[in-house]
Amino acid sequence: MENEELFNKKIRDAKIITIWGHVMPDPDCYGCQIGLRDILRLNFPDKKVYAIGSGIPVLFDRLKEMDNDVSDEEIASSLGILVDVSCIRRVEDQRVCKVKDLLKFDHHMFNEGEEFPYPSIVDPERVSAAEIIAEWAERNSLIINKDIAEALYIGIVTDSGDFRFHGTCPKTFETAGKLFAYGVKPYSLLSPVSTQTSESIRFRSYLIDEAKTVGQVCYVYLKKEDYESRGMSYAAASSLVNILACKKTNIFCLFTEDGKGEIRGEIRSEYDYPVQPTAKKFGGGGHMFAAGLTLKVGGKPSVEDVVEALNQIEKMQ
């Protein structure tokens, strides 16, 4: 494929490569950054390769840490590779704007106005970005090892919701199986991100109790005091949207104030109810049945406006 040939050539020609992920990285984003970094380090030992961002600190002991001591001069001389993020605006560390060239691995749907005019390997039908990277490495006969396999495996398992979410397909299981064969230890690998504290268990019950249902939409709106008074951080609280699936509505959402004037909106749905176009209308995006957006506290559009729009979504034929 012509695009991939150019993509690979840029990697071969680069002396310094920096790898970038999205704001509030999840295990797929972190696994992609660590997995891709170590693939490139293993196969191109003459290159300097760095993964930049906050990563998932609870996994650093199990996998590896990020590379945040990279100088601005090295970044400016680097080929930047975005993983699990659709455009530069959504990248966590905006030093990405300094790089001299860009590539991208991603599985999010395209948003008009967020063009990425660089070679990309993107498949919105795939459930994780990690499987896209794993399959790219296999196509190009790149060597991987157990550590790389575990980094990519955790991305596939978590972004697929343990192989339950839309986008999981036979190829997902095939790719995960090939990674598993390197000696992946699922229990010890996944325990740090699946273990629940007493605070998180109580908070999940709180979310279920607080959920409101309007038409076909179930939602919770969290203010800062709602989660902090219950021992939860903004990042942890705002990521729990899937708890609301138990309400059995067509669409479920979690809106969380960040304490700085913005509201993170996470939207999920049954497979027959496409939410991405509505998220896009409010400046967000994502996947057809799992999307996100950002609103202003006290501004317009409001949470109620989003809920009203989501209630207009019709079942796909």
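Here, the structure is the one placed above.
All residue numbers here refer to positions counted from 1 along the written sequence of the relevant chain. The predicted origin of the model limits local features to residues at a pLDDT of at least 70 and limits the giving and counting of side-chain atom pairs to 80 or more, whereas totals for whole chains, interfaces and linings rest on all residues. With hydrogens and water set aside, each side-chain value is computed from the structure's full complement of heavy atoms.

A few words now on the sheet that holds strand β1 (residues 16-20). Taken in spatial order, the five strands of this open sheet run β2-β1-β3-β4-β5, and their pairing is parallel. Edge positions in the open sheet fall to β2 (48-52) and β5 (120-122), since each of these has one partner strand only. For this sheet the average axis-to-axis angle between neighbouring strands, irrespective of direction, equals 20 degrees. When DSSP finds two or more bridges between two strands, those strands count as paired. For helices the rule is a DSSP run of H or I covering at least 4 residues; for strands it is a run of E covering at least 2, with both sets numbered from the N terminus onward. Bridging between strand β3 (residues 79-83) and strand β4 (residues 101-106) involves five bridges; their strand directions are parallel. Axis lines are fitted to C-alpha atoms, over the contacting stretch for helices. Their N-to-C directions set the angle, which ranges from 0 to 180 degrees.

Successive residues of a regular strand alternate their side chains across the two faces of the sheet. For β4, the tally of buried residues reaches five of six residues, placing the bulk of the element in the interior. Direction of pairing for β4 relative to β5: parallel, over a ladder of three bridges. Among the inter-strand pairings, F105 is bridged to a residue of β5, identified as I121. The classification of residues rests on relative accessible area computed with a 1.4 Å probe and restricted to protein chains. Under 20% of the type maximum is buried, over 50% is exposed, and intermediate values are partly exposed.

An order of β6-β7-β8-β9-β11-β10 is seen for the six strands of this open sheet, with the pairing classed as mixed. This sheet does not close on itself; its edge strands, each paired only once, are β6 (212-214) and β10 (285-287). Between one strand axis and the next, the sheet turns through 20 degrees on average, direction left out of account. Pairing between strand β9 (residues 262-269) and strand β11 (residues 290-296): seven bridges, direction antiparallel. Following the sheet pairing, E262 is matched in β11 by K296. By the convention used here, residues are in contact when the closest approach between their heavy atoms is within 4.5 Å. Along the sheet, helix α8 (residues 198-210) contacts β6, β7 (217-222) and β8 (251-257); its crossing angle with β7, the most-contacted strand, is approximately 120 degrees.

Next up on the list: the packing of aromatic side chains. By convention, a stacked pair of Phe, Tyr or Trp rings (six-membered ring in the case of Trp) has centres within 6.5 Å and planes under 30 degrees apart, an edge-to-face pair has planes over 60 apart, and any other such pair is tilted. Tallying each qualifying case throughout the model produces 11 aromatic pairs. Ring geometry for F105 and W136: centres 5.2 Å apart, planes at 65 degrees, overall edge-to-face. In this pair, F105 sits in strand β4 while W136 sits in helix α4 (residues 129-139), placing the two residues 31 residues apart along the sequence. Look at F105 and you get buried, because its relative accessible area is 0%. Overall, W136 belongs to the buried group, its relative accessible area being 2%. Both rings, one in F203 and one in Y206, keep their centres 5.6 Å apart while their planes meet at 35 degrees; by these two values the pair is tilted. With F203 and Y206 both in helix α8 and three residues apart, the pair spans about one turn of that helix. Since its relative accessible area comes to 1%, F203 is described here as buried. The buried category is assigned to Y206, whose relative accessible area is 14%. An aromatic cluster is defined as three or more aromatic residues linked by ring pairs; in this entry it consists of F7, F105 and W136. Lysine NZ or arginine CZ positioned within 6 Å of the ring centre and within 35 degrees of the ring normal marks a charge as sitting over the ring. Its end group placed over the ring of Y206, R230 keeps NZ or CZ at 3.8 Å from the ring centre.

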